[in-house]
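Chains, contacts and geometry: an overview
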Amino acid sequence: MLSFDVYSATIGITIAIVFQFIALLYHVKIHKKESFILWWVLGLGLTVVGLLAAYLRTIPFLNSPALIVSNALTIFGQAAFLISIESFLNKEIKINSIKRAFGAVIVVLIYFSVFSDVTILRMLTTSIVLFTFSVLTIKRLNASKNAENKANINFLIGTFSINALYWFSRAGIVTLILPKYPEVYDVILMISYTVLLLVCTLGSLGIILLMNKNLIDCLGLEKNTAEKERLKFLTIIETSPDLIIVTKISDGEIVLANKVFLDTIGYEYDEVIGRKVFEFNIWENEKSREKFVNDLKKYKKLVNYENVYVKKDGSKFIGSMSVTTINFDDEVFILNMVRDVTELKEIEELLQENKKKFETIAMSSASWEAWFDEKGIMVWTNDLVQMITGL
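Thresholds applied
Residues numbered from 1 in each chain as written. Predicted model: local features only at pLDDT ≥ 70, side-chain atom pairs only at ≥ 80, totals over all residues. Heavy atoms only, no water. Helix = DSSP H or I, 4+ residues; strand = E, 2+ residues; numbered from the N terminus. Buried < 20%, exposed > 50% of the residue type's maximum accessible area, 1.4 Å probe, protein only. Contact = heavy atoms within 4.5 Å. Areas by Shrake-Rupley, 256 points an atom, 1.4 Å probe, with all protein chains shown as cover. Phe/Tyr/Trp six-rings, centres within 6.5 Å; stacked < 30°, edge-to-face > 60°. pLDDT = per-residue confidence, 0-100. Core = buried A, V, L, I, M, F, W, Y, C linked by side-chain atoms within 4.5 Å. 1 Å grid on protein atoms, 1.4 Å probe; cavity = no way out; pocket = protein on both sides within 12 Å on 5 of 7 lines; lining within 4 Å. Points joined across faces, edges and corners; volume = space filled by probe spheres on them. Nonpolar A, V, L, I, M, F, W, Y, C, P; charged D, E, K, R; others polar.

1. Looking at the overall build of the protein
Across its full length, the protein holds twelve helices and seven strands. When the 391 residues of the protein are sorted by exposure, 38% land in the buried category. Sequence separation of at least 24 residues holds for 53% of the intrachain contacts in the protein that already meet a minimum separation of 6. Of the roughly 23,400 Å² of accessible surface on the protein, 64% is carried by carbon and sulfur atoms.

2. Here's the deal with the packing of aromatic side chains
Summed over all chains, the structure comprises four aromatic pairs. With centroids separated by 4.2 Å and ring planes inclined at 25°, the aromatic side chains of Trp40 and Phe81 adopt a geometry described as stacked. One end of the pair, Trp40, is in helix H2 (residues 35–54); the other, Phe81, is in helix H3 (residues 63–89), and 41 residues separate them in sequence. Taking relative accessible area as the criterion, Trp40 reaches 0% and is therefore assigned buried.

3. Let's talk about the confidence of the model for the protein
In this model, the protein carries a mean pLDDT of 77, and residues with pLDDT of at least 70 account for 75%. Ranking the elements of the protein by mean pLDDT puts helix H12 (residues 384–389) last with 59 and helix H6 (residues 150–176) first with 91.

4. As for unusual backbone geometry
Positive phi, close to 55°, is recorded for Asn304, a residue that is not glycine. Here Asn304 shows up in strand E3 (residues 302–310).

5. Notes on the environment of Lys311
Checked against the element boundaries, Lys311 lands in the loop between E3 and strand E4 (316–328). By relative accessible area, Lys311 is classed as partly exposed at 23%. Taking the C-alpha atoms as reference points, Lys311 and Asn281, 30 residues apart in sequence, are found 8.2 Å from one another. Here Lys311 is in contact with Thr264, Ile265 and Phe317, once residues within four sequence places are set aside.

6. So, the nonpolar core
Counting 46 residues, the largest nonpolar core has Ile75, Met123, Val129, Phe133, Leu141, Phe160 and Met211 as its most contacted members. For this core, the elements supplying multiple residues, two or more each, are H2, H3, helix H4 (97–115), helix H5 (119–143), H6 and helix H7 (185–239). The element that contributes the greatest number of residues to this core is H7, accounting for twelve residues. Every residue in contact with Phe133, bar those within four places of it in the chain, is listed here: Ile75, Gln78, Ala79, Leu82 and Ile106.

7. Topic: empty space enclosed by the protein
Under the criterion given, the structure shown has two cavities of 30 Å³ or more. For the largest cavity, the calculated volume is near 170 Å³. For the largest cavity, the lining is made up of 15 residues, of which Asn71, Thr126, Arg170, Leu189 and Tyr193 are closest to its centre. The set of elements that each furnish at least two residues to the lining of the largest cavity consists of H3, H5, H6 and H7. If one sorts the elements of the lining of the largest cavity by residue count, H7 sits on top with five residues. If you add up the space inside the second largest cavity, you get close to 60 Å³. What lines the second largest cavity is simply Ile245, Ile254, Phe261, Ile265, Tyr267, Val272, Val277, Phe280 and Ile282.

8. Things to note about the layout of surface pockets
Its volume calculated, the second largest pocket comes out at about 470 Å³. Surrounding the second largest pocket, 25 residues form its lining, Phe278, Phe292, Leu296, Ile334 and Asn336 being those nearest its centre. Listed by contribution, the elements that provide at least two residues to the lining of the second largest pocket are strand E1 (243–248), helix H8 (259–265), helix H10 (286–299), E4 and strand E5 (331–340). Classifying every residue of the lining of the second largest pocket gives 17 nonpolar, four polar and four charged.

And the structure:
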């Protein structure tokens with residue numbers, strides 16, 4: 001029988017376990033909501049524990065239980081790898097009648113792989129089951145290959161191809177050679193452990209590379225989407241007829257001001273950006289500014305908030321301000337939109353003055369004067385109506 005250094009092999013496995021679990025635990029944190037990474041970690045753990053359990057067979061009274069546990073954990077670990085790949089590449093796993101029948105056959109094979117007392121039958125069925133899992137994994141990977149993930153998918157396909165090739169070869173060796181040369185039994189087991197360890201190591205590396213590629217793609221997509229939204233936002237602000245400035249809610253720093261605001265107030269872009277909004281004397285007086293701050297704190301949002309504002313040259317205008325908060329890059333900003341309503345207010349005042357003049361003339365008229373709206377409803381009349389109608 002071939003002897004090998006169990007201690008050195010165990011140290012090698014332990015180092016591989018530590019490296020893989022450190023890398024995978026980091027990705028578990030990133031993809032904690034994804035089931036595929038948990039399935040992969042489970043498969044890795046089951047396979048490695050199964051390998052370690054195999055060493056217990058050197059203890060005479062643990063020989064049989066160690067083989068049963070080792071085979072069971074190894075098979076279930078490889079099955080978990082298949083489920084992980086399927087879950088990663090296909091979020092919704094559908095089970096049909098064919099898959100159920102195929103699964104039943106696999107279960108029967110697994111039973112013989114784990115519990116059979118016949119060495120050749122146990123090793124043959126184990127080889128068939130693990131070969132089948134590898135082929136199914138390769139099939140799923142190949143079906144999901146595209147131009148973007150081709151390199152990483154090919155790496156995983158290569159890994160599981162080595163696995164499939166070995167288990168296919170082992171099935172032939174167990175059937176044709178082992179009966180004649182039973183002394184190769186330990187050699188076969190040693191090679192099997194090495195292949196399983198290789199699949200665990202390379203497979204974990206492959207799944208990490210694939211996850212990182214997807215993560216980079218997702219981040220790139222999010223970045224492009226955010227950039228498009230930012231450009232859309234800037235376009236709306238720059239083409240708006242209103243005065244618009246965006247300030248940080250934390251300290252009032254101005255981060256954005258459109259051309260209408262700059263042209264109306266009279267400041268240059270560099271004079272405004274980066275400074276605190278309260279550094280500018282745009283309020284008519286301190287009382288107006290304090291009232292605005294208090295109202296904003298109280299209502300959180302202001303609509304058509306009229307006030308008198310002061311330009312850089314000292315001239316004044318009446319503005320109707322609407323204020324709301326927006327979130328961008330995990331920070332809260334205040335969006336201030338001001339519409340110059342100075343001319344509108346002047347027209348309103350002129351209309352009010354003219355109305356008073358017409359009312360004065362109508363009241364002093366010797367005839368009955370009445371005003372009607374577009375619907376024919378009387379909206380005003382002088383005092384003569386009471387003298388004429390007695391109402």
